[in-house]
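Coordinate analysis (summary)
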Amino acid sequence: MSQFTNQEKEEKLLYLECYSGISGDMTVGALLDLGASRNVLEETLKSLGVGGYHLHFGRKLKCGIDAYDFDVHLEEEEHGHGHDHDHDHNHGHDHNHDHTHSHPHIHRNIQDIFEIIDRMHSEEPVKELARKMFRIVAEAESKAHGIPVEEVHFHEVGAVDSIVDIISVAVCMYDLGITDVVVSSLAEGRGYVRCQHGVMPVPVPATANIAASHGLELKL
C-alpha cells in the first residue's frame, strides 16, 4: 500500500488476524472501531451516486466478544427480493454444508466500476487503492475464465453492497493514515459454495488465483 506513504507522517502498520476468515464488512467494521471517521465515510459514499442501499452502524457480541457491526442493507432486500446474507461471515465451509450467498444480479465490467470510483469526492490515493482492489479481482477472474480483463463482468463483487464494502475499506484506511498492511494466513475453509457460475470448490478459482499471485497463505 505504498501509495499511502507520506514522509511527513509517521508510518502506521495495520495487522489483520484472519483466523476465522474475513469479509468486506468485517474489515470496514474493524477500521471504524480503530477510529476511522464514520462521517467521512458516509459523506464519501454519498458522492458515488449509487443508490438502493443504506448503512447500518452498531455493536454486537461475536462469541461473547464486543465488536463493531457494519453492514450494507439493500433496499430491495428488505422488500423480499434480495439475497441470503450470512452475517457470520466465516469463510470456512464444512464439506457437508451447501452455502448459498447470492447477490442481486447486477453485472458491471471494470470500466463501470472505475467510473463509479472516479465520481468519488476523495483523495487520489483512496481512488487508486479502490481501483487496485478491483483490478486484482478482475485479473483473477480473467485467468479463471480465460477472457481479457476488459471482458470480465463482476457478479457478486459488482453488486452494490460489495462496491460499498471495497470503497469503504479504502476510505477508512486513508482516514486512519495506514501506510502498510500485514495479513495472517487466511482461513478459507473447504467444501463447496454455490455462486453465479454454479457449485464451485472452496477456494473458488478466482480466490485461489489471488492467493497464488500475491503470496497469500490459505489454510483450512
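First things first, this report covers the structure right here in the doc. Bear in mind that the values here come from a model prediction, so they are computed numbers and not experimental data.

So, the packing of aromatic side chains
Following the criterion strictly, the structure yields one aromatic pair and no others. Relative to Phe70, the ring of Phe57 has its centre 5.5 Å away and its plane inclined at 65°; by these criteria the two rings are edge-to-face. Separated by 13 residues along the polypeptide, Phe57 in strand S2 (residues 53–62) and Phe70 in strand S3 (residues 65–74) bring together distant segments of the chain.

Observations regarding a nonpolar patch on the surface
Together, Leu13, Tyr15 and Val182 make up an exposed nonpolar region whose accessible area comes to about 300 Å². Structurally, Val182 is set in strand S7 (residues 180–183). A relative accessible area of 36% places Val182 in the partly exposed class.

With respect to the nonpolar core
Core analysis: the biggest nonpolar cluster contains 44 residues, and Leu41, Tyr53, Phe70 and Ile167 have the highest contact counts within it. Going through the elements one at a time, strand S1 (13–16), helix H1 (24–33), helix H2 (38–46), S2, S3, helix H4 (110–118), helix H5 (124–145) and helix H6 (160–176) are the ones with two or more residues in this core. Looking at this core, the element that brings in the most residues is H6, giving 11 residues.

Some words on the packing of H2 against H6
At a closest axis distance of 10 Å, the pairing of H2 and H6 adopts a crossing angle of 135°. Classified by the interaxial angle, the pair formed by H2 and H6 is oblique. Note that H2 runs across H6; the crossing there is right-handed. Where H2 approaches H6, its residues Val40, Leu41, Thr44 and Leu45 are matched on the opposing element by Val164, Ile167, Ser168, Val171, Cys172 and Asp175. When its residues are assigned to classes, the contact of H2 with H6 shows seven nonpolar, two polar and one charged.

How each quantity is defined
- Residues numbered from 1 in each chain as written.
- Predicted model: local features only at pLDDT ≥ 70, side-chain atom pairs only at ≥ 80, totals over all residues.
- Heavy atoms only, no water.
- Phe/Tyr/Trp six-rings, centres within 6.5 Å; stacked < 30°, edge-to-face > 60°.
- Helix = DSSP H or I, 4+ residues; strand = E, 2+ residues; numbered from the N terminus.
- Patch = residues over 30% accessible without salt bridge, like charges linked within 9 Å, V, L, I, M, F, W, Y side chains within 5 Å.
- Areas by Shrake-Rupley, 256 points an atom, 1.4 Å probe, with all protein chains shown as cover.
- Salt bridge = Lys/Arg side-chain N within 4 Å of Asp/Glu carboxyl O.
- Buried < 20%, exposed > 50% of the residue type's maximum accessible area, 1.4 Å probe, protein only.
- Core = buried A, V, L, I, M, F, W, Y, C linked by side-chain atoms within 4.5 Å.
- Axes fitted to C-alpha atoms, helices over the stretch in contact; angles between N-to-C directions.
- Parallel < 35°, antiparallel > 145°, perpendicular 65-115°, else oblique.
- Left-handed = near helix turned anticlockwise from the far one by under 90°.
- Contact = heavy atoms within 4.5 Å.
- Nonpolar A, V, L, I, M, F, W, Y, C, P; charged D, E, K, R; others polar.

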